[in-house]
Amino acid sequence: MHSLKVRFIAVFAAVACLLWLLGLGWAVKDYLIGADSVPGLPVAGDEPQPVLKAYKIVALGDSLTRGTGDSEGKGYAGYVGDLLKQDGMDVSLVNLGIKGLTSAQMTEQLKQKEVHRQIGQADIVLMTIGGNDLFDGGQTLSNLTPENLASLGDGFLANLKSVLTAVRAANGRAVVYVLGLYDPFRDLESGDRTSSAVRSWNYKMTEVLSGYSNTVFVPTYDLFQQNTADYLFTDHFHPNEKGYRLMAGRLAALITGGGGRP
Amino acid sequence: MISLVQNELMKLLGKRRFMIIAAIIVVLLSLFTYAQSRQSEAVKERLGDVDWRTELQQRIVDWQNRLSSAGQWKDQLQIQIQQYQYYLDHDVNPSEPGAPTFIRGFVENSAELFLPLLVMIVAVDLVSSERSMGTIKLLLTRPVSRFKVLLSKYIALILSVSLIIFLFGLLSFLISAVMFGNQGWSAPVLTGFSVQGGELNIAGVRLVSQSRYILQQFGLAWFISLVVGTLSFMLSILMRSSAAGMGTMLACLISGAILSSMVSSWESAKYLFMVNLGLMDYMSGSAPPVEGMTLGFSLAVLAVWMLGALAVSFTVFMRKDIY
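In this complex, chain B contributes 52 residues to the contact, which on the side of chain A involves 49 residues. Taken together, the links from chain B to chain A amount to two salt bridges. Here Asp30(A) ties to Arg212(B) by a salt bridge, and the two come within 2.6 Å at their closest N and O atoms. Where chain B packs against chain A, one counts ten residue pairs in polar contact (both at pLDDT 80 or more).

As a further point, take the domain arrangement of chain A. Once the domains are mapped, chain A shows domain 1 (1–34) and domain 2 (55–259). The gap between the C-alpha centroids of domain 1 of chain A and domain 2 of chain A is 59 Å.

To continue, consider helix α11 (residues 242–260) of chain B. Residues and elements named next belong to chain B. Along its 19 residues, α11 runs 27 Å from first to last C-alpha, staying within 8% of the 27 Å computed at 1.5 Å per residue. Along α11, the residues that are buried comprise Gly-245, Met-249, Cys-252, Leu-253, Gly-256, Leu-259 and Ser-260. Mapping the buried residues of α11 onto a view down its axis gives an arc of 135 degrees, with all of them on the same face. Along its buried surface, α11 packs onto α6 (114–123) and α10 (210–238).

A few words now on helix α13 (residues 295–319) of chain B. Taking 1.5 Å per residue as the helical rise, α13(B) with its 25 residues ought to reach 36 Å, and the 36 Å between its terminal C-alpha atoms agrees with that figure. Along α13(B), the positions that sit buried rather than exposed are Leu295(B), Gly296(B), Ser298(B), Leu299(B), Val301(B), Leu302(B), Met306(B), Ala309(B), Leu310(B), Ser313(B), Phe314(B) and Phe317(B).

Ranked by size, the top nonpolar core spans 113 residues in total, and within it Trp222(B) and Leu279(B) carry the most contacts. Residue contributions to this core peak at 17 residues, all from α10(B). Aside from chain neighbours lying at most four places away, what touches Trp222(B) is Cys17(A), Trp20(A), Leu21(A), Leu24(A), Ile158(B), Val161(B), Ser162(B) and Ile165(B). Judged by nonpolar contacts, the second largest core, of 37 residues, contains Leu96(A), Val125(A), Met205(A) and Val208(A).

The next thing to look at is the packing of aromatic side chains. As enumerated under the stated definition, the model contains 23 aromatic pairs over all chains in all. On the numbers, 4.2 Å between centres and 25 degrees between planes, the contact of Tyr182(A) with Phe224(A) is stacked. Of this pair, Tyr182(A) sits in the loop between β4 (175–179) and α9 (191–209) while Phe224(A) is found in the loop between β5 (215–218) and α10 (241–259), placing the two residues 42 residues apart along the sequence. The residues Tyr182(A) and Phe224(A) share a single accessibility class, namely buried. Among the aromatic residues, ring-to-ring pairing joins Trp20(A), Phe32(B), Phe102(B), Phe106(B), Phe114(B), Phe168(B), Phe180(B) and Phe218(B) into one connected group. In this structure, Lys242(A) is placed above the aromatic ring of Tyr231(A), and the distance from its NZ or CZ to the ring centre is 5.6 Å. The ring of Tyr31(A) has Arg206(B) lying over it, and the distance from NZ or CZ to the ring centre is 5.0 Å.

Attention now goes to the pairing of β5(A). Of the strand pairs in this sheet, β4(A) and β5(A) are connected by four bridges, and their pairing is parallel. The residue bridging Val176(A) from the neighbouring strand is Thr215(A), located in β5(A).

Right, let's talk about the pattern of salt bridges for a bit. Residue and element names in this part refer to chain A. According to the stated counting rule, one finds 17 salt bridges over all chains in the structure shown. Note that Asp-82 and Lys-74 form a salt bridge whose closest N and O atoms lie 2.6 Å from each other. For Asp-82, a relative accessible area of 25% puts it in the partly exposed group. Across the salt bridge formed by Glu-241 and Arg-245, the nearest N and O atoms sit 3.0 Å from each other. Placement of the pair is Glu-241 and Arg-245 together in helix α10, with a separation of four residues, close to one helical turn. Beyond isolated ion pairs, a larger network of salt bridges with shared partners links Glu-72, Lys-74, Asp-82, Glu-241 and Arg-245.

Here we come to the packing of helix α2 (residues 17–47) of chain B against helix α9 (residues 146–180) of chain B. All names here are of chain B. One can describe the packing of α2 onto α9 by two numbers: an axis separation of 10 Å at closest approach and a directional angle of 35 degrees. The two elements α2 and α9 cross, and the hand of that crossing is right-handed. On the side of α2, the interface is formed by Phe-18, Ile-21, Ala-22, Ile-25, Val-26, Leu-29, Thr-33, Tyr-34, Gln-36 and Ser-37, while α9 contributes Ser-160, Leu-163, Ile-164, Leu-167, Phe-168, Leu-171, Ser-172, Ile-175, Ser-176, Met-179 and Phe-180. The residue makeup of the contact of α2 with α9, split by class, is 15 nonpolar, six polar and no charged.

Another point: the packing of helix α1 (residues 2–14) of chain B against α9(B). A pair of packed helices is captured by two measures, namely the crossing angle of their axes and the spacing between those axes. All names here are of chain B. Taken N-terminus to C-terminus, the directions of α1 and α9 make an angle of 55 degrees; their axes are 8 Å apart at the nearest point. Put simply, α1 runs oblique to α9. Classified by chirality, the crossing of α9 by α1 is right-handed. Judged by residue contacts, Leu-4, Val-5, Glu-8, Leu-9, Lys-11 and Leu-12 of α1 engage Lys-148, Ser-152, Lys-153, Ile-155, Ala-156, Leu-159 and Ser-160 from α9. Considering only residue class, the contact of α1 with α9 consists of seven nonpolar, two polar and four charged.

What follows concerns a nonpolar patch on the surface. Taken together, the side chains of Leu113(B), Leu250(B), Ile254(B), Ile258(B) and Met262(B) present a nonpolar region at the surface, about 430 Å² in accessible area. Structurally, the position occupied by Met262(B) is in the loop between α11 and α12 (280–284).

Before going further, it helps to spend a moment on the side chain of Gln217(B). Residue and element names in this part refer to chain B. Looking at the secondary structure, you find Gln-217 in helix α10. Of note is the side chain of Gln-217, whose polar atom sits 3.3 Å from the backbone oxygen of Arg-104. When near neighbours in sequence (up to four residues on either side) are disregarded, Gln-217 contacts Arg-104, Val-107, Glu-108, Met-280 and Met-283.

Before going further, it helps to spend a moment on the environment of Phe18(B). Mapped onto the elements of the fold, Phe18(B) is located in helix α2. Apart from residues no more than four positions distant in its own chain, Phe18(B) is found in contact with Leu12(B), Leu13(B), Ser160(B), Leu163(B), Ile164(B) and Leu167(B).

Bringing the side chain of Asn65(B) into the picture now. Position of Asn65(B) among the secondary structure elements: in helix α3 (residues 52–66). Here the side chain of Asn65(B) touches Gly97(A) through a polar contact of 2.7 Å, landing on its backbone oxygen. Among the polar contacts made by the side chain of Asn65(B), one reaches the main-chain carbonyl oxygen of Val61(B) at a distance of 3.0 Å. Ignoring any residue separated from it by four or fewer positions in sequence, one finds Asn65(B) in contact with Arg66(A), Gly97(A), Ile98(A) and Lys99(A).

Glancing now at the environment of Gly192(B). In this fold, Gly192(B) is placed in the loop between β1 (188–191) and β2 (194–196). Along the backbone, Gly192(B) and Arg206(B) are 14 residues apart, and their C-alpha atoms lie at a distance of 6.1 Å. Discounting chain neighbours no more than four positions away, the residues touching Gly192(B) are Tyr31(A), Asn201(B), Gly204(B), Val205(B), Arg206(B) and Met283(B).

Scoring rules and cut-offs
- Residues numbered from 1 in each chain as written.
- Chains lettered and ligands numbered in written order.
- Predicted model: local features only at pLDDT ≥ 70, side-chain atom pairs only at ≥ 80, totals over all residues.
- Heavy atoms only, no water.
- Contact = heavy atoms within 4.5 Å.
- Salt bridge = Lys/Arg side-chain N within 4 Å of Asp/Glu carboxyl O.
- Polar contact = N/O pair within 3.5 Å; in protein donor to acceptor, adjacent residues only side chain to side chain.
- Domains from an automatic or database assignment.
- Helix = DSSP H or I, 4+ residues; strand = E, 2+ residues; numbered from the N terminus.
- Expected span 1.5 Å × (residues − 1).
- Buried < 20%, exposed > 50% of the residue type's maximum accessible area, 1.4 Å probe, protein only.
- Arc of directions from axis to C-beta.
- Core = buried A, V, L, I, M, F, W, Y, C linked by side-chain atoms within 4.5 Å.
- Phe/Tyr/Trp six-rings, centres within 6.5 Å; stacked < 30°, edge-to-face > 60°.
- Lys NZ or Arg CZ within 6 Å of the ring centre and 35° of its normal.
- Pairing = 2+ DSSP bridges.
- Axes fitted to C-alpha atoms, helices over the stretch in contact; angles between N-to-C directions.
- Left-handed = near helix turned anticlockwise from the far one by under 90°.
- Nonpolar A, V, L, I, M, F, W, Y, C, P; charged D, E, K, R; others polar.
- Parallel < 35°, antiparallel > 145°, perpendicular 65-115°, else oblique.
- Patch = residues over 30% accessible without salt bridge, like charges linked within 9 Å, V, L, I, M, F, W, Y side chains within 5 Å.
- Areas by Shrake-Rupley, 256 points an atom, 1.4 Å probe, with all protein chains shown as cover.

Here it is, written out as structure tokens:
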């Protein structure tokens, strides 16, 4: 080993050492003593919407949109994307579904700037909402009185209106598909009453949706009417993969069948 | 004195330790860059060709869905979500594609365990190997005081630590620049988040350029490595066997990583050095292991441990019988 080489490495290491000391000192100064100046932070502005080649789908909603219960975790939205891709469409899917979301929380979610922007770019908006409002964390099952259902329903419908208004405000041209509710409790003792509650909610949702342009109600009640257990996940509440595929098939047919093609 | 230091450095270079360290870094870096590029491909496949806002929004929603099943990580996740939401609200991309972003993430993740491990490779047998090989007698029969002998070894250690961090930075730059391109050095990073009572505090948030952030990260990483190196240095004096010193130090480091996630209710654990190694967390703004710990506190604790280790090293080395 030449001593010249060693000397060079030693000097080099010393320089590196000084550099790291500088970094350390700077970090200490910035994080302990406080940064010199705090420049103004930029705020997300209303940028021009980029032109997207792909057909953009934005899915909003609760655990059904998220895909809870699906072994592949795609949910109906993921399968719709798959089906459309099989059809040769260039699809970009953004899934903003959040487990347990209620209609009230959805109105809050829609106030976020970026969510607003995403919807603005969409060609299609898919939505499941209302299941958690009606189920109410299981409370409803033990309190199936008409009064309780009516009061839950009124709140939900009011929120649904503001959700649809917000979506329309963000995007005037996208087709909005709102999926209806199904009854996972048909087989239970109180199945008659839960089914009638779900049917009446679906009817009211259809009525609300009729007040908005390009807004389509997609029923799911019938999909889960026969052999309910076959299409439900082990929690007897969410659909399983088969159930989600049924929902997706219906949506994809609507979209490719002219319902939403640009 | 200078020639003594050079002598020590020459011994270290002769052992080819730095080659081994460089090889380890290269192998790991290739793995990580490959994993990273695969991940961004997967995102592209899932979302299509989208801008970063869409991707970030999707990630936030994904994490929100994970919250209910996050268990003990719930608070951490919540804070991370709020932080990302803040990035989104202020139109700052938290992961601008390019080499600097990769380096930033890599340093952040390796400063606590990986870099100290590399330093240990050099530090842990600095003295004990001389004892086991018997060369220490030759060294001490020279007309130099023991203090100077040990000091030269310690300076050589400091230089090696600096060299290792430099090697780490250089290699990660080269490899990630090839993989991701060399752009984004002046891209903004949001920093100054702090966590108070489980809530994200955004009062001190400011924008800094990525290059400045990375240099500061390296400074902190260097300090962490130096502390671990000094402690290993002490062990190499106290213990005859290098393997024993390595094992002890390794146990400390790993226990630190485990303890950090479970000491939140054991207040006095914050005086242990291994719980304080997460200096990077103060920069990125994730919650410290024990409520109320700050960068200043951690630096002070580490400095005290380091000075203590130095004091023990020099006292023991100067009094010890060498046979």
